[in-house]
Structures are given as structure tokens and as C-alpha cells.
Amino acid sequence: MKIYPVILSGGSGTRLWPLSRAALPKQLLALVGERSMLQETALRLENFLQMMPPLLVCGNEHRFMIAEQMREIGIAPIGIMLEPEGRNTAPAVAAAAHYLLAIDPQAVMLVLPADHVITDVPAFHAAISRAAAAVDTGALATFGIVPFGPETGYGYIRRGDALASAQGCFSVARFVEKPDLATAQSFIAEGSYLWNSGMFLFSAARYLDELGSLRPDIAACSKKAVEDGYRDLDFCRLHEASFAACPSESIDYAVMEHTKHAVVVPADIGWSDVGSWSALWEVQAADAQGNVLRGDVYLDDVSNSLVRAESRMVAVIGLSDLVVVETKDAVLVAHKDDVQKVKQIVDHLKKNKRSEHINHTKVYRPWGCYEGIDVGDRFQVKRITVNPGQILSLQMHHHRAEHWVVVSGTARVTCGDVVKLLTENESTYIPIGQTHRLENPGKLPLHLIEVQSGSYLGEDDIVRFEDIYKRN
């Protein structure tokens, strides 16, 4: 049996604000260790002999960051599939199934969200092996997490009878929505309920058979989205109109709650979906006072708190059960019991047309990144980094002029018909309306300071004429 991981890396980043943003959601952040959650998801499958390279499913906005994160850890995906818009998990997994069947008619899919924590990897591998035995008989397997308390933030699965054909697997008696506390306590006392992890193992063909029977509309739209999809650089773009026509539905609602072939595999694997700051506190090693710290932090008489400093010193005195998260443009201070209200902050930012829920001051691009340093009336200052060998688009601006000063590295600058090289401490001026391009022809990163001036300085004042990343 060849198992193909399908890593779902969508999501817009709201529950872990201000660290997680729409342009840099939690799966792309290093929240627990030194690697991002996406990288950890891919790496924890490395030593499983039957495991093939992963297929990643993501949105357009994150495609270059995801490709770069895979390159950093030396994993070459079998593909990176781009959703034109989020339609929940049933259509995304169906499109992935069609993609894999064109490669391997016997493909078995291990469907994994990119933003979960699993601390006991050997136990996870053992659970996959148990599920594989059931899948070999035609079952659709889901992984139920052995609960350690009455959690109200997860859905539940009640296991039924043990399967004679697959040791450690059970029929599914019922799926249950997120319960209230009293109901969750009764589930734990009863003993046959598991947390719904949102992870699955099944044959690609078997999943499509069940989907075609239960939700033929999703099956047909997803199939057409793959058939009419097209290559874009190293990415596979699903056909926009066909995928948009897919009803937005989860695997659970579309298939697992209705199929007669669902099985659940109990898994005690140190799992969390890290759905809140308090959940992140729970899965990390704390000090003797119960504090989880990161960055330049000073504490005095503080207990059971998560304090994270990203860009400056943070000091906390005489408090407990807090979450403090500092970034360059926003600070969150909340009681651990109230962190689910973070979404209300994001809603407030959207309603007031602010940008702190979308980008950090540092914004990643396929060629490198830029970081806002200062902004005022008719001007803003950015620090720009261009990676070796990378090229920005040939572009122009209607409303702003730009001054570039090279801090280190070598810049090849196109301004109209003139092309010149700039090195450290040299500068150039790009007038309003002038076609221009910036390149790094060297082997070291290019760092420069950009001063923009004009009547409008928004990122949408860019007219692209040529772009190697096909963003125009």
C-alpha cells in the first residue's frame, strides 16, 4: 500500500491573532518549535516506509511561502494544488483524490490539516498502520483522539463495535457536534467518546465512490475542476468556475456521517489543533510557575501564563492565567478563559477597514520580503530584502515616486531604458509613472531602503507589465 499525504493548508488566520494573520496564518508560523506547523506536519511522516511525497492543497496567497517552506526542509511535494477559493474539506479532498488517481489508481490518501500538533509521532505512525488494515477492506477511517478531559471546543465521535478484520479499529456509532460542558463531562464519564481530529485515511477511489453516491454535486464539480485545471509554474490551479460551483461542505457532513463504511481509530498521540492561545499554552513545556515564554520576557510573581515577545521586551508583574502576545504593530493581553474572543478583535479590524488582521509589518513575497519602518503624510519608508537571483516585476506607479538606497548586496535597476548596477551606499530615483524593475544578480541577499512619496501609497498602485511569478 502506497500512502499519499494530502496536507490541507488553507485557513486565513484569526484565532491566534496578532501573530497569525490572513497573509501569514498559523500553519506557516513556528509556534511550538523552530519549524512551522506545516513543516512539522510533513516531517513527522518522513520515517514511515509506505509514505509517498505529500500533495499540498492551499490558496493562491500562500503558494510561494508553502513552496519555500518545503524547499527549506528538503521535501519535494508530489504537487501543490491551488484552490481559487475555500470550499471546505469535502471538495478539496475530492480534487486531491482525482489528482492522485491520475498518478496512481491504487492511491491511499492520508488527509491531514497542516496546523495540528502531534507530540507522540511513533504512536501516530502506529495509528496509521491500524487504520491501513481497515482501509484495505474498503473502509473510510478517521482518527479519534483519546480525550483527557471534557473539551467543549471539539466535536466527538462515539465508537461502536470493534472490527474483527482490523485490530484497534471500531465502527462509528455517531458523530456529535461540539457539546456544552455538561454533555462533554457525560461523554468522558461514559468512556466510548473520542475527539474528532479531522484526520482521515482512505482509498482515493473509495472516497470518490462514496462522495459520488452521497453528494454527486460535489463529486462532479471537483472532477471538472481538476480536469479543466492548468499548470502555473510549479503549481496546479483548479479551474476557477468549476471549483467555485462546489457546495462548501466538510468531509464529515458530506460523507463520514452518512457512509456505512466509516471506522474510527482511537489515537493517543499528544494531539491538539491549537485552536486558541490557551491551547498553545497547554501543548508547550512550562516552567516551574506554569509559564510558557518566548522572546525577551521579564516576569515577577506571574503564574500559568503564556507570554510571547516578538520584537521588544515585555514585562509582566503580579498576574496569573494571562496570554500576552506582542508583535511590532499590535499587542494582545487576555485572560486565558477569554481567548476565544480574539475573533471579535479580527471582526472589529475588518469592520473598520484596518490592516492588522491581514499583514504584519513584514510582508513576504516570492522574491523576498519588505518591512514597514515609518509612515506619515505623503511618505512611507520600507526595508526591502531581495533573495539571491530573484527579480521583481517590471512595473510602474501612477501616484508615487520611489528612492532606493542599497544597504548591502548588489542591485540591478531598470528605470525606463536605463539599466545600471548599484552597490552599498549607492542610490537611485524612480519618478512617478516610470517603468522600472529591481533585481538581485548576486549570491548574497540584497538589502535596501525604499522611501516612497506621493498622493497615494497603497500596494494596489502597481501596474505589472512582466512578472516571472505570473502575478499580472
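Look a little higher up for the structure.
Here, residues in each chain are numbered from 1, in the same order as that chain's written sequence. Local features in a predicted model are, by the rule used here, given only for residues with pLDDT of at least 70; side-chain atom pairs are given and counted only at 80 or more, and totals for whole chains, interfaces and linings are based on all residues. Hydrogens and waters are ignored; side-chain quantities use all the structure's heavy atoms.

Another aspect to go through is helix α2 (residues 63-72). Considered for burial, the residues of α2 that qualify are Arg63, Phe64, Met65, Ile66, Gln69 and Met70. Whether two residues are in contact is decided by their heavy atoms: any pair within 4.5 Å suffices. Note on conventions: DSSP H or I runs of at least 4 residues are helices, E runs of at least 2 residues are strands, and numbering of each starts at the N terminus. For α2, the secondary structure elements touched by its buried residues are α1 (37-43), β2 (55-59), β3 (79-83), β11 (235-237) and β20 (362-365). Positioned one or two residues after α2, Gly74 has a phi angle of 75°, which is positive. The classification of residues rests on relative accessible area computed with a 1.4 Å probe and restricted to protein chains. Under 20% of the type maximum is buried, over 50% is exposed, and intermediate values are partly exposed.

As a further point, take the sheet that holds strand β16 (residues 306-309). Within a beta sheet, neighbouring strands are joined by backbone hydrogen bonds and run either parallel or antiparallel to one another. With mixed pairing, the four strands of this open sheet are ordered in space as β14-β16-β18-β19. Whereas interior strands pair on both sides, the edge strands pair on one side only; in this sheet they are β14 (292-294) and β19 (331-335). Each neighbouring strand pair of the sheet contributes to a mean axis angle of 5°, computed without reference to strand direction. We treat two strands as partners when DSSP finds at least two bridges between them. Here the axes come from fitting lines to C-alpha atoms, over the contacting stretch only for helices, and the angles between their N-to-C directions go from 0 to 180 degrees.

Before going further, it helps to spend a moment on the pattern of salt bridges. Salt bridges are defined as contacts in which a side-chain nitrogen from Lys or Arg sits within 4 Å of a carboxyl oxygen from Asp or Glu. Here the structure, examined in full by the defined rule, presents 23 salt bridges. Between Arg206 and Glu210 there is a salt bridge whose closest N-O contact spans 3.2 Å. You can see Arg206 and its partner Glu210 sitting in helix α6 (residues 204-214), four residues apart, about one turn around the helix. For the residue pair Arg206 and Glu210, the accessibility class agrees, reading buried in each case. A salt bridge links Lys328 to Glu371; its shortest N-O distance comes to 2.3 Å. With Lys328 in the loop between β18 (322-326) and β19 and Glu371 in strand β21 (residues 368-376), this pair connects stretches of sequence that are 43 residues apart. Since its relative accessible area comes to 10%, Glu371 is described here as buried.

Let us now look at the pairing of strand β27 (residues 427-430). One face of the sheet, then the other: side chains in a regular strand alternate in exactly this way. Here β27 shows one buried face, formed by Thr428 and Ile430, and one open face, formed by Ser427 and Tyr429. Direction of pairing for strand β24 (residues 400-408) relative to β27: antiparallel, over a ladder of four bridges. In the sheet register, Glu402 faces β27, and the bridge partner there is Ile430.

The interhelical angle for the contact between helix α3 (residues 89-101) and α6, taken along N-to-C directions, is 135°, at an axis separation of 9 Å. Of the possible angle classes, the one that applies to α3 and α6 is oblique. The hand of the α3/α6 crossing is left-handed. Contacts between α3 and α6 involve Ala90, Val93, Ala94, Ala97, His98 and Leu101 from the first element and Ala204, Ala205, Tyr207, Leu208 and Leu211 from the second. By definition in this entry, angles of less than 35 degrees are roughly parallel, angles greater than 145 are roughly antiparallel, angles of 65 to 115 are roughly perpendicular, and the rest are oblique. We call a crossing left-handed when the near helix sits turned anticlockwise from the far one by less than a right angle, and right-handed when that turn is clockwise.

On to unusual backbone geometry, then. Going from Trp17 to Pro18, the amide bond is cis rather than trans, its omega being 10°. Mapped onto the secondary structure, Pro18 falls in the loop between β1 (3-8) and α1. Despite not being glycine, Asn88 has its phi angle at roughly 75°, a positive value. Along the chain, the position of Asn88 falls in the loop between β3 and α3. Look at Arg378: it is not a glycine, yet its phi comes out positive at around 70°. According to the relative accessible area criterion, Arg378 is partly exposed, its value standing at 48%.

Our focus in this paragraph is the sheet that holds β20. Here six strands make up an open sheet; going across it, the order is β20-β21-β22-β29-β24-β27 and the pairing antiparallel. In the strand order of this sheet, the two ends are held by β20 and β27, each with one partner. This sheet shows a mean twist of 20° between the axes of neighbouring strands, independent of strand direction.

Let's shift gears to the nonpolar core. Counting residues in hydrophobic clusters, the biggest one holds 55 residues, and the most contacted among them are Leu38, Trp277, Leu332 and Leu438. Those residues in contact with Leu438 that lie beyond four places of it in its chain are Val386, Ile391, Leu392, Trp404, Ala411, Arg412, Val413, Leu446 and Leu448. With 44 residues, the next largest nonpolar core counts Ala97, Val111, Leu238 and Val255 among its residues. Residues grouped as a nonpolar core are buried Ala, Val, Leu, Ile, Met, Phe, Trp, Tyr and Cys residues, joined through side-chain atoms within 4.5 Å.

The subject of this paragraph is the environment of Met396. Along the chain, the position of Met396 falls in strand β23 (residues 394-396). For Met396, a relative accessible area of 10% puts it in the buried group. When residues no more than four places from it in sequence are discounted, the contact partners of Met396 are Gly433, Gln434, Thr435, His436, Asp461, Ile462, Val463 and Phe465.

Packing of α6 against helix α7 (residues 216-227) brings their axes to within 5 Å, and their N-to-C directions diverge by 125°. Taken together, the axes of α6 and α7 lie oblique to each other. On α7, the residues that touch Leu211, Gly212, Ser213 and Leu214 of α6 are Pro216, Ile218 and Ala219. Each residue gets one of three labels, nonpolar for Ala, Val, Leu, Ile, Met, Phe, Trp, Tyr, Cys and Pro, charged for Asp, Glu, Lys and Arg, and polar for the others, Gly among them. Looking at the contact of α6 with α7, its residues break down into five nonpolar, two polar and no charged.

Right, let's get into the state of the cysteines. Defined by distance alone, a disulfide is two cysteine sulfur atoms within 2.5 Å. Per the counting criterion, the structure on display carries zero disulfides. Lacking any disulfide linkage, Cys58 is separated from the closest cysteine sulfur, that of Cys236, by 11 Å.

Let's shift gears to the environment of Val274. Summarising the element assignment, Val274 is placed in the loop between β13 (271-272) and α10 (277-282). Separated by 243 residues in sequence, Val274 and Leu31 place their C-alpha atoms 9.4 Å apart. Beyond its immediate sequence surroundings of up to four residues, Val274 is in contact with Leu16, Lys26, Met37, Asp115, Val117, Ala279 and Leu280.

The next thing to look at is the packing of aromatic side chains. Any Phe, Tyr or Trp ring, taking Trp's six-membered ring, that has another such ring centre within 6.5 Å forms a pair; planes under 30 degrees apart are called stacked, those over 60 apart edge-to-face, and the others tilted. For the structure on display, the rule yields ten aromatic pairs. On the numbers, 3.9 Å between centres and 15° between planes, the contact of Phe187 with Tyr193 is stacked. Considered together, Phe187 and Tyr193 belong to a single accessibility category, that of buried residues. An aromatic cluster of three or more residues is present, and its members are Phe148, Tyr154, Trp195 and Trp271. Any Lys NZ or Arg CZ that is within 6 Å of a ring centre and within 35 degrees of that ring's normal is treated as a charge sitting over the ring. Sitting above the plane of the Trp281 ring, Lys336 keeps its charged end 3.0 Å from the centroid. Lying across the ring of Tyr370, Lys382 places its NZ or CZ 4.1 Å from the centre.

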